[in-house]
Amino acid sequence: MKKKILAVVVIAVWLMIISIFMLLAYRFDLEIFFVLWLIGLLVIVELMDTRFSLPPYMRYIKYTVAAGILLFGGIVAGKVMEIVYK
Amino acid sequence: MNVNFRYVVLAILTISILLEVALFVPSPLLYSLEKDNFSSPFHDNVEVLQLQSLNSTTDIVPRIQDVIDGTGPVTLDIRIHDLDQAQRDLDEFEKSQGSLSNLIVHLDMNESEIQAIEKNTAVQKQILDSLLNTSVSLDSLQMMEIQYRDQNNTDMLTTVRLQGNELRKRVNGLNERYRNATANIVATGTKFGLDMTKNQKSQADVDQIVQEIEQPKASTFIPVNTSLIPGEDRVSLFLRPDTGKYRDVIEYMGISLALNGNTTLRSENIPIILYIDDQPESTILTDTFGYYDTRIPVGEISEGSHTVYTRSPTSRSVNRTLTIIPVDSVTNLTLSEPDRNGDVNCTGFVMANLPVRSASIQLTWDQSHVIVTKTGVTGEFMQQVQLPPGRHTVIAAFSGDGYPINASESDPQVVDIPVARGPAPDYGYLWLIISIIGIVLLFVVAAAFYLRRMARKRIPLPANPVDTDFPEDRDSFLIQAGSSGPYGKSQAGGARESGGDSLVAYYAWMLDEHGLNAASRWVYEQLAVRIARDFRIKRYKALTAREISRNCRGKPYCGPFARLISAYERIRYSGQPSEHDQTVFETALHSTDDLMGGEEH
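This one's a predicted model, so the numbers in the text were calculated from it and none came from an experiment. (Residues numbered from 1 in each chain as written. Chains lettered and ligands numbered in written order. Predicted model: local features only at pLDDT ≥ 70, side-chain atom pairs only at ≥ 80, totals over all residues. Heavy atoms only, no water.)

## Notes on the overall build of chain A
Point 1. Secondary structure assignment for chain A yields 3 helices and 0 strands.
Point 2. Secondary structure elements of chain A, listed N to C terminal, follow the sequence α-α-α.
Point 3. When the accessible area of chain A is evaluated, it comes to approximately 5500 Å², of which 77% is carbon and sulfur surface. (Helix = DSSP H or I, 4+ residues; strand = E, 2+ residues; numbered from the N terminus. Areas by Shrake-Rupley, 256 points an atom, 1.4 Å probe, with all protein chains shown as cover.)

Below, the structure written as structure tokens:
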């Protein structure tokens, strides 16, 4: 199986696991879902990364991860504000 | 990071997550005690509910006993005609019944016995309420009866008597309902081992009260002539009470009658207009028995006596007098700290016996400027006033015009408006903004670092051109350099003499030994390495000769190199390289090598 297809399958399975557990807990939190997705993506990128070459799909995934990190920063800032305003 | 090490870390993480999940799944934490409020009305924190349900029914038995005992004093008070005390006891009963109801709702919805007690005590409370109201009304009617008898007012005596009968009809059946409710409570209470004496005693009292109401003792009512003149309609009116203060509720009631032949007809569903001082105040419809009844609180009406009467479409009642007693008021004023613009919030309230609603308040500052505002439904007012720099005195005044309330004025309030109003920075807010910007920046840097790391693969920069194929004996190589083409032996020797131009010399040797194709390839590879080093192109091996040439910009050798690449492509890929191509290639090679600085590059 090609690396990128494998990556898609793994991330889909990971998201399904997260969703199932959230459904079991009757508590669907979008922020937690996002952070767990980002962690999964980081692990996958780290494992499938190549040493010398950078295929376009890896470049796009890394741009997505960078955008995810920015969004994660936004979530952290929002939480800090929530705590401060409490 | 070593790949094996990565897999070990990942395996450890996965195993630990699965272990945690395995511990969590048998008893998932659906709700925490810290979060017991949910936005959805269909959510209840079961953890909290379970905790509350730990209170067993025996814990609330004393409360149930209090509620059940509450009926005794109420019925007794009604019976002995201590209506004020009855009202107080009934309020107390209602309060404990409400708290019991709340407790039961939170405790457990499935406790049917407790539900039965709650339901039956509610019925008892409702009946006691009715009995108390009826007793009060009958008392009032009795007083009015005496009053009208003294005045020999036959119309009103008839009205009062009919109203009394109406009240008695309403009481009918209360006794039976109370008996059923009491029987249910006694049955359930006995199950819990409660003392039901007081509750059972209340049943006897209620029996007696209802009996007295339904079958009054021999009335001292003097028969009066209540006949009407045929064709004449009558409308009666009486007020209860006929004196009041601000926001006291006055009840206006009466009956509309008409005589048709020998029958007295009740005028059903006809509009009755209530006039106060000849001004229409309200319109009321009579009920099926010809009665009308309305309650109007004393509001914006002046103090003193007022004439009140009602009109039906065909008749008018006699005049009644409503006396409004004035009350004193208190006006309060509070000033906030001035802001940077000199704005001051003036807040306060006007209170008489109750808060004064919609009253005009005059805010006067420095006895020269007046601003008018109004109170709200709670009697409170708020007005923002912009004041110039300096010291100011502000007073709030309520004139009482149009109200049965005496005028009042607040204490003077002094406020200082500073001349220089510099901006007062909110450091807490400032720090928060800085922190948020810092956090966002931190993550921006993290994202940038991540992207930069992506571009910084561990690819070694191209090293100096390796001439591993170069013969060990350089001199012999130069001597052996081929003689065909423009770069023959003589050129090779010339090169040696001129300082050892190895690229050109080696090209000459390659040309002799392996032909133009291989020599041009070798030259291209050597130059490509140099250019990749100059322009920091890491994957130069993955690029074509033309792409390398395109990447070469801004250096003096880039022009000759482009020509060299053009000739190189023709030599390598045209199939039949011409002498001209070779000449162009060698000229360009020479120029490029010269401009690059030869081996020193």
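## With respect to helix α14 (residues 516–535) of chain B
Point 1. The first and last C-alpha atoms of α14 of chain B sit 28 Å apart over 20 residues, in line with the 28 Å expected at 1.5 Å per residue.
Point 2. Count one or two residues on from α14 of chain B and you reach Arg536 of chain B, which has phi positive near 55°. (Expected span 1.5 Å × (residues − 1).)

## Digging into the sheet that holds strand β15 (residues 380–386) of chain B
Residues and elements named next belong to chain B.
Point 1. Strand order in this open sheet of 3 strands is β11-β12-β15, and the pairing throughout is antiparallel. Edge positions in the open sheet fall to β11 (330–335) and β15, since each of these has one partner strand only. Strand-to-strand twist in this sheet, taken as the mean axis angle between neighbours without regard to direction, amounts to 20°.
Point 2. Bridge analysis of β11 against strand β12 (residues 343–351) gives 6 bridges, and the strand direction is antiparallel. Opposite Thr331, over in β12, you have Val350 as the bridge partner. (Pairing = 2+ DSSP bridges. Axes fitted to C-alpha atoms, helices over the stretch in contact; angles between N-to-C directions.)

## Considerations on the confidence of the model for chain B
Residues and elements named next belong to chain B.
Point 1. In the predicted model, chain B carries a mean pLDDT of 76, and 78% of its residues have values of at least 70.
Point 2. Summarising per-element confidence for chain B, the mean pLDDT is lowest in helix α12 (residues 489–497) (41) and highest in helix α16 (residues 558–573) (90).
Point 3. Here residues 218–228 scores under 50 on pLDDT; set against residues more than four positions off or in separate chains, the count is 16 contacts.
Point 4. Scored below 50 in pLDDT, residues 466–500 makes 51 contacts in the model with residues more than four places away or belonging to other chains.
Point 5. Predicted complex, confidence summary: ipTM 0.74, pTM 0.34. (pLDDT = per-residue confidence, 0-100. Contact = heavy atoms within 4.5 Å.)

## Overview of the packing of aromatic side chains
The geometry of an aromatic ring pair comes down to the distance between the two centres and the angle between the two planes.
Point 1. This model, assessed by the stated rule, comprises 10 aromatic pairs over all chains.
Point 2. Ring geometry for Phe34 of chain A versus Trp37 of chain A: centroids 5.6 Å apart, planes at 35°, classification tilted. Placement of the pair is Phe34 of chain A and Trp37 of chain A together in helix α2 (residues 30–48), with a separation of 3 residues, close to one helical turn.
Point 3. The interplanar angle of 80° and the centroid separation of 5.4 Å between the aromatic rings of Phe72 of chain A and Phe443 of chain B together place this pair among those described as edge-to-face. With Phe72 of chain A in helix α3 (residues 56–85) and Phe443 of chain B in helix α10 (residues 427–455), this residue pair bridges two chains.
Point 4. Looking at Phe72 of chain A, the relative accessible area reads 26%, which means it is partly exposed.
Point 5. Under the relative-accessibility criterion, Phe443 of chain B is labelled buried at 15%. (Phe/Tyr/Trp six-rings, centres within 6.5 Å; stacked < 30°, edge-to-face > 60°. Buried < 20%, exposed > 50% of the residue type's maximum accessible area, 1.4 Å probe, protein only.)

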